[in-house]
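# Topology and contacts: notes
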Amino acid sequence: MLGSGKGSNFVAIAEAIAAGRIPARVSVVVSDVPDAGILKHAADRGIPSRHIAPGAFRTKLDEAAEAAFIAALREARADWVLLAGFMRILKGEFLRAYEGRVINIHPSLLPSFPGLAAWKQALDYGVKVTGCTVHLVDQGVDTGAILGQQAVPVRDGDTAETLHARIQDAERALYPEVVAALVRGEIRVRGRLTTGFSR
Ligand code: GAR
């Protein structure tokens, strides 16, 4: 699992695994942020965790960092790469190394509101329903095939914080369920179209 932030999605998946709801294990957690909460949560659970410096760019990994991320995942024998609040765009070599096996959770109902702070984009736009999306990562930004989604209402008086918190509750329910279906081989992907998961 790769993450840059506090790690609530990592915790939800680790707890689902511990409860026997996902037939998998987290082989390594890697972060581009040295003091990210996700690294601490991993260490607390005895899961190997490492920081790898991302290099000079702000929104992606440089070539050396990309190679180091791939090497860390290969060393850990990862079958899937789950992004859990990983705030850098993965492209090229990385996606070739793990083609069709990189999954992301995004805090909106894609294709609405791709990119940063999607809950704020939804609030500013004035939609009444938003949510979260688990999707395959492709070369675009938040454009890969959709594996699962959950709707979340926008309530009168919501702030960016209250709406994000409600979306994160939904993420913590949705992401483990989609991952469980995925590793059980229940989800079929044909181009953009996927079957085998709905809620
Ligand atoms: C989550 O809300 C996730 O959807 C978002 O970052 C947060 C990470 O929280 N990801 C993106 O915006 C990716 N573009 P967490 O560290 O508590 O799991």
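For the structure given in this document, a descriptive report is provided here. From a predicted model like this one, the values you see are computed outputs, not experimental measurements. All chains use their own residue numbering, which begins from 1 and follows the written sequence. In keeping with the predicted nature of the model, local features appear solely for residues at pLDDT of at least 70, side-chain atom pairs appear and are counted solely at 80 or more, and the whole-chain, interface and lining totals rest on all residues. Note that water and hydrogens are dropped before the side-chain values are worked out from all heavy atoms of the structure.

Looking now at the overall build of the protein. Under the scheme used here, helices are H or I runs from DSSP no shorter than 4 residues and strands are E runs no shorter than 2 residues, and both carry numbers assigned from the N terminus. Helices and strands together make up the secondary structure of the protein, namely 6 helices and 8 strands. Starting at the N terminus and ending at the C terminus, the protein contains elements arranged as α-β-α-β-α-β-α-β-α-β-β-α-β-β. The size measure is the radius of gyration over C-alpha atoms, and the globule rule it meets is 2.2 Å times the number of residues to the 0.38 power. Taken over C-alpha atoms, the radius of gyration comes to 16 Å for the protein, in line with the 16 Å a tight globule of 199 residues would show. Oriented by its inertia axes, the alpha-carbon framework of the protein measures out at about 45 × 40 × 35 Å. With a 1.4 Å probe rolled over the protein chains alone, any residue whose accessible area is under 20% of its type maximum counts as buried; one over 50% counts as exposed, and the rest are partly exposed. By the burial criterion, 47% of the 199 residues in the protein qualify as buried.

What follows covers the nonpolar core. Core analysis: the biggest nonpolar cluster contains 39 residues, and Met1, Phe10, Val29, Ile103, Val134, Leu147 and Tyr175 have the highest contact counts within it. Those elements that provide at least two residues to this core are helix H1 (8-18), helix H2 (37-44), strand S4 (102-106), strand S5 (129-136), strand S6 (146-153) and helix H6 (160-183). Here this core takes 11 residues from H6, the largest share from any one element. Here, the term nonpolar core denotes a set of buried Ala, Val, Leu, Ile, Met, Phe, Trp, Tyr and Cys residues that are joined through side-chain atoms within 4.5 Å. Core analysis: the next-biggest nonpolar cluster, separate from the first, contains 22 residues, Ala65, Ile70, Phe86 and Ala97 among them.

Below, the discussion takes up the sheet that holds S4. Two strands pair under a simple rule: DSSP has to find at least two bridges between them. Read from one edge of the open sheet, 4 strands run S3-S4-S5-S6, paired in mixed fashion. On the outer flanks of this sheet lie strand S3 (81-83) and S6, each paired with one strand and no other. Taken over all neighbouring pairs, the strand axes of this sheet differ in orientation by 15 degrees on average, direction set aside. Across the sheet, H6 lies against S3, S4, S5 and S6, angled at about 155 degrees from S6, the strand it touches most. To obtain each axis, a line is fitted to C-alpha atoms, and for helices this fit is confined to the stretch in contact; angles are then taken between N-to-C directions over 0 to 180 degrees. Contact definition: two residues touch when any of their heavy atoms are within 4.5 Å.

Now for the site of the ligand. Note on terminology: near, applied to a residue and a molecule or strand, indicates that one of the residue's heavy atoms is within 4 Å of it. Taken together, 13 residues are adjacent to the ligand, and Gly7, Ser8, Asn9, Gln168 and Glu171 come closest. Polar contacts, as used here, are pairs of N or O atoms within 3.5 Å; protein pairs need one atom able to donate a hydrogen and one able to accept it. Residues neighboring in sequence count only if both atoms are side-chain atoms. Within the contact set of the ligand, an oxygen atom lies 2.7 Å away from a backbone nitrogen or oxygen of Gly7. Within the side chain of Gln168, one N or O atom sits 2.9 Å away from an oxygen atom of the ligand.

Looking now at helix H3 (residues 63-75). Because each turn of an α-helix spans 3.6 residues, side chains separated by three or four positions in sequence point in the same direction. The end-to-end C-alpha distance of H3 is 18 Å, a good match for the 18 Å that 13 residues give at a rise of 1.5 Å each. Listed as buried for H3 are Ala65, Glu66, Phe69, Ile70, Ala72 and Leu73. End-on, the buried residues of H3 take up no more than an arc of 160 degrees, which puts them together on one face. Turned more than 90 degrees away from the buried face of H3 sit Glu63, Ala64, Arg74 and Glu75, all of them exposed. The secondary structure elements touched by the buried residues of H3 are strand S1 (29-31), strand S2 (49-51), S3 and helix H4 (92-97). Of the residues trailing H3, Arg77 is marked for its positive phi of about 55 degrees. Each helix should span, by expectation, one fewer than its residue count multiplied by 1.5 Å. Each direction from the helix axis to a C-beta atom contributes to the arc, which is the arc of those directions.

In this fold, Leu147 is placed in strand S6. Taking the C-alpha atoms as reference, Leu147 lies 5.5 Å from Val134; in sequence the two are 13 residues apart.

On to the packing of aromatic side chains, then. Only the six-membered ring of Trp is used, alongside the rings of Phe and Tyr, when aromatic pairs are assigned; centres must lie within 6.5 Å, and planes under 30 degrees apart are stacked while those over 60 apart are edge-to-face, with the rest tilted. The final tally for this structure, using the stated rule, is 3 aromatic pairs. When the centroid spacing of 6.0 Å and the interplanar angle of 35 degrees are considered together, the rings of Phe94 and Tyr98 count as tilted. Tyr98 matches Phe94 in its accessibility class, with the two residues each being buried. A ring has a charge above it when a Lys NZ or an Arg CZ is no more than 6 Å from the ring centre and no more than 35 degrees off the ring normal. In this structure, Lys60 packs its charged tip against the face of Phe57, placed 4.5 Å from the ring centre.

Considering the arrangement of structural elements, one finds Ala97 in helix H4. Sequence separation between Ala97 and Asp44 is 53 residues; the distance between their C-alpha atoms is 29 Å.

Moving on: the pattern of salt bridges. Salt bridge, as applied in this entry: a Lys or Arg side-chain nitrogen positioned within 4 Å of an Asp or Glu carboxyl oxygen. Scanning the entire structure with this criterion turns up 9 salt bridges. Notably, a salt bridge pairs Asp169 with Arg172, separated by 2.6 Å at the nearest N-O pair. Residue Asp169 and its partner Arg172 are located together in helix H6, separated by 3 residues, close to a single helical turn. Residue Arg172 is classed as partly exposed on the basis of its relative accessible area of 32%.

Purely spatial values, then, with no claim about function.
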